Amino acid sequence: MTEQSRAVDATTTPDAASTPPTSGNPALRKALDAAARILGEDRVLRPENDERATRLLGPNASLFRTRRVAAVLRPATAGQVPELVELFAGDTGSGSLHVVSTGRNWGLGSREPADDDAVVLDLGGLDKVRELDLEAGWAVVEPGVTQGHLSRLLAHTPRLVNVTVSAAATSVLGNALDRGVGLRGQRTDDLAGLEVVLPDGETVRVGWWPTEDRTAPVYPHGLGPSPLPLFVQSSLGVVTAAVIRLAPRPEALRVVRLDFPQSALSAATDAVRRWVAQGLTRGVPRIYDPAAARSYGGTEGEFLVHLPVDGTAEAVEALTGILTAEARRSGLFTQVTATEAIDPAHPNHEVARLVERGYAGDPDIADVLFRAKMGVPADRVDAEAGFVFFLPLLPFTGADVSRADGLLREAAAATGTRLSATLHLLGPDLIDCVVAMKFPREGDAPERAHRALDLLHTSFADAGYAPYRLDVDHAHRRDALAADPGALALTRRLKAVLDPNNAIAPGRYR
Ligand SMILES: Cc1cc2nc3c(=O)[nH]c(=O)nc-3n(C[C@H](O)[C@H](O)[C@H](O)COP(=O)(O)OP(=O)(O)OC[C@H]3O[C@@H](n4cnc5c(N)ncnc54)[C@H](O)[C@@H]3O)c2cc1C
């Protein structure tokens, strides 16, 4: 089967099976009955109670193949999770859990498991901020805590949470566990500690966790080998809470905005790299291609750069002056500004203000920019939008960015698909290249977008640009993308030791 033939429209394609996966599987039925006794019947959604197993999760925004799902479990407290996990650890036939926090992993599969017949463990109901220490800079949050929720608690405090530009209702923890990227850095770097239910039901706390006397400063690495990273992009445990680091809020912040034409792509990228390397900009500066720039009031046909500058008011003033002077001197940029967000008369004022607030840790609570991009509010994305992501890493050089831009154009031309690319500048040497494909759900547009996605996987891999996150339809590429077969074998051995009966479903990262 080709990759593209697996991409199907959930609204028109026959179901993978007409009988629910529990019928004929006594071990699974027993586990689900026991789960209903723990949670209450209303928190266990089974195909018998729904139309069919492929309808349990509803549609996904990417129109990836709708998986057949054995059941959806919705615990109300973290304390219920160990008992639930134990139910699936007993033998291989009792089913495997696919864990989601808020399940808004749009573009990569939303709530869908990678394989058929998983039991979805939906932790969205665990939504407590258990503890918050503004002095030391951390919060203990459960999976259902959203970036909107946490940032509201931090408003007007000296601390901020590193937010993404996804909807306010997305999970702080779910995003970090998938190695998401926020406006101030990679979200995994925000994880100081994790509370994990292991496949045998035991709960362990890895990394840093607050002590009674609160004397120990936040230090995630501990002594000796650190198990924390084992539970990121992982099927080794169910995370029921995390310690999230909260950075000090900068006293002042501004975003310098630059526009440049296609012909300057390589040289402008190299100029921006120098400023990143020399520490003139902080957080995650971004370069938007002309399609992505439209959502941010970019000049038609031009690339757009956002360079966040923060610190004390004097430092911001000085750095803004240095960056704008350097940009003008280079002769590469058609527009150089730093005042849109503070000038209410500027036509781009509102968008620029929201961008600056995002860099300052306040997500766009009303989802103004998100809705403008998606065309629908967050709660209708899965039912109405068409959207896939491709997320390769690039070396931070003008030559590599130009090459990647060429590959994107080729895929767009070959499939008639509209692509947009946003470059997250993660440091002086690394770019997270976010390729978004928004498509109508009608006609052959979904099929063309999926074909473009397959093409990008191949052409970027051939150029040496591997993705750092995978969607549900490309989980099979994980092995080929592994840098070292020995390391891959090690993770398989760990899985076999910790989870011999696959209580937790091997997911997108196996
Ligand atoms: C317009 C738009 C903008 C976006 N911008 C960004 C962006 O700036 N940065 C970004 O990173 N993404 C972005 N996204 C993608 C996506 O919406 C976010 O990454 C979102 O945070 C993921 O969904 P979630 O928070 O509900 O996580 P979930 O879907 O709940 O979790 C993601 C994955 O993590 C694992 N997982 C989740 N919870 C647990 C747990 N408790 N235990 C074990 N494993 C678990 C599972 O594999 C799950 O599939 C954007 C999407 C759109 C449409």
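Residues numbered from 1 in each chain as written. Predicted model: local features only at pLDDT ≥ 70, side-chain atom pairs only at ≥ 80, totals over all residues. Heavy atoms only, no water.

Colleague: I'm lost on helix α4 (residues 147-154) in this one. Help?
Modeller: All buried positions along α4 are accounted for by Gln147, Gly148, Leu150, Ser151 and Leu154. For α4, the angular spread of the buried residues around the axis is 165 degrees, confining them to a single face. Where α4 is buried, its residues meet β5 (129-133), β6 (138-141), β7 (159-160) and α5 (172-177). (Buried < 20%, exposed > 50% of the residue type's maximum accessible area, 1.4 Å probe, protein only. Helix = DSSP H or I, 4+ residues; strand = E, 2+ residues; numbered from the N terminus. Arc of directions from axis to C-beta. Contact = heavy atoms within 4.5 Å.)

Colleague: What is the right way to look at a nonpolar patch on the surface in this model?
Modeller: Taken together, the side chains of Leu132, Leu134 and Leu153 make up a nonpolar region of the molecular surface, amounting to roughly 200 Å² of accessible area. Mapped onto the fold, leucine 153 is located in helix α4. (Patch = residues over 30% accessible without salt bridge, like charges linked within 9 Å, V, L, I, M, F, W, Y side chains within 5 Å. Areas by Shrake-Rupley, 256 points an atom, 1.4 Å probe, with all protein chains shown as cover. Salt bridge = Lys/Arg side-chain N within 4 Å of Asp/Glu carboxyl O.)

Colleague: When you look at unusual backbone geometry in this model, what are you seeing that I'm missing?
Modeller: A negative phi angle is the norm for most residues apart from glycine, just as the trans form is the norm for most peptide bonds. One non-glycine residue, histidine 156, lies in the positive phi region at around 60 degrees. Looking at the element boundaries, histidine 156 is found in the loop between α4 and β7. Assessed through its relative accessible area of 84%, histidine 156 is described here as exposed. Phi is positive for glutamine 233, close to 45 degrees, though the residue is something other than glycine. Within the secondary structure layout, glutamine 233 lies in the loop between β9 (203-207) and β10 (238-245).

Colleague: So what exactly am I meant to see when it comes to helix α13 (residues 445-462) here?
Modeller: Residues spaced three or four apart along an α-helix face the same direction, because each turn holds 3.6 residues. Its 18 residues place the ends of α13 26 Å apart at the C-alpha level, agreeing with the 26 Å of an ideal helix rising 1.5 Å per residue. Immediately downstream of α13, the backbone of glycine 464 shows phi near 90 degrees, a positive value. (Expected span 1.5 Å × (residues − 1).)

Colleague: Hey, could you run me through the site of the ligand in this one?
Modeller: Close contacts around the ligand come from 27 residues, with Ser101, Thr102, Arg104, Ser166 and Val239 the closest. The backbone of valine 239 places a nitrogen or oxygen atom 2.8 Å from a nitrogen atom of the ligand. The side chain of arginine 469 places a nitrogen or oxygen atom 3.1 Å from an oxygen atom of the ligand. Alone, the ligand offers 960 Å² of accessible surface; in the complex the protein occludes 93% of this. For the shell around the ligand, the secondary-structure elements that each account for two or more residues are β3 (97-100), α5, α10 (368-374) and β16 (387-390). (Near = heavy atom within 4 Å. Polar contact = N/O pair within 3.5 Å; in protein donor to acceptor, adjacent residues only side chain to side chain.)

Colleague: How should the sheet that holds strand β4 (residues 118-122) be read in this particular structure?
Modeller: By definition, the strands of a sheet pair up through backbone hydrogen bonds, in either a parallel or an antiparallel sense. Pairing is mixed across the open sheet formed by 4 strands, whose spatial order is β1-β2-β4-β3. Unpaired on one side and paired on the other, β1 (44-45) and β3 mark the two borders of the sheet. Two strands pair when backbone bridges link them, and strand β2 (residues 69-73) and β4 are joined in this way by 4 bridges, in the parallel orientation. Counterpart to alanine 71 in the pairing with β4 is valine 119. Sheet contacts for helix α3 (residues 81-89): β2, β3 and β4; angle to β4, the most-contacted strand, approximately 175 degrees. (Pairing = 2+ DSSP bridges. Axes fitted to C-alpha atoms, helices over the stretch in contact; angles between N-to-C directions.)

Colleague: Looking at this structure, how should I read the sheet that holds β5?
Modeller: Judged by pairing direction, the sheet is antiparallel, and its 5 strands sit side by side in the order β5-β6-β10-β8-β9 without closing on themselves. Each edge of the open sheet carries a strand with a single partner, namely β5 and β9. Sheet twist, expressed as the mean angle between neighbouring strand axes with direction ignored, is 15 degrees. In the packing of α4 onto the sheet, contacts are made with β5 and β6, and the angle to β5 comes to roughly 35 degrees.

Colleague: What should I look at first to understand the UniProt feature "domain: FAD-binding PCMH-type" (unreviewed entry) in the protein in this one?
Modeller: Following the UniProt record, the feature "domain: FAD-binding PCMH-type" (unreviewed entry) maps to residues 64-249 here. Overall, residues 64-249 shows 12% helix and 25% strand. The separation of its end C-alpha atoms is 39 Å. (UniProt positions renumbered as here; feature names shortened; annotations may be inferred.)

Colleague: Please explain the domain arrangement of the protein as it appears in this structure.
Modeller: Size of an interface, as often reported, equals the accessible area lost when the parts are brought together. The domain architecture assigned to the protein consists of domain 1 (3-122), domain 2 (129-248) and domain 3 (252-462). The distance between the C-alpha centroids of domain 1 and domain 3 comes to 36 Å. Opposite the 15 residues of domain 1 that make contact, domain 3 presents 18 residues. Summed over both partners, the interface of domain 1 with domain 3 comes to about 1400 Å²; 59% of that surface belongs to carbon and sulfur atoms. We note a salt bridge from aspartate 382 to arginine 111, for which the minimum N-O separation is 3.6 Å. (Domains from an automatic or database assignment. Buried area = accessible area lost by both parts, 1.4 Å probe.)

Colleague: Hey, could you run me through the packing of aromatic side chains in this one?
Modeller: Each aromatic ring pair is specified by the distance between its two centres and by the angle formed by the two planes. Enumeration according to the criterion identifies 9 aromatic pairs in this entry. Here phenylalanine 260 and phenylalanine 333 contribute two aromatic rings whose centre-to-centre distance is 6.0 Å and whose plane-to-plane angle is 80 degrees, an arrangement assigned as edge-to-face. Here phenylalanine 260 is found in strand β12 (residues 252-260), whereas its partner phenylalanine 333 is found in the loop between α8 (313-330) and β15 (335-337), with 73 residues between them in sequence. There is no split in this pair, since phenylalanine 260 and phenylalanine 333 are both buried. Taken together through their ring pairs, the aromatic side chains of Phe260, Trp275, Phe303 and Phe333 make up a single cluster. (Phe/Tyr/Trp six-rings, centres within 6.5 Å; stacked < 30°, edge-to-face > 60°.)

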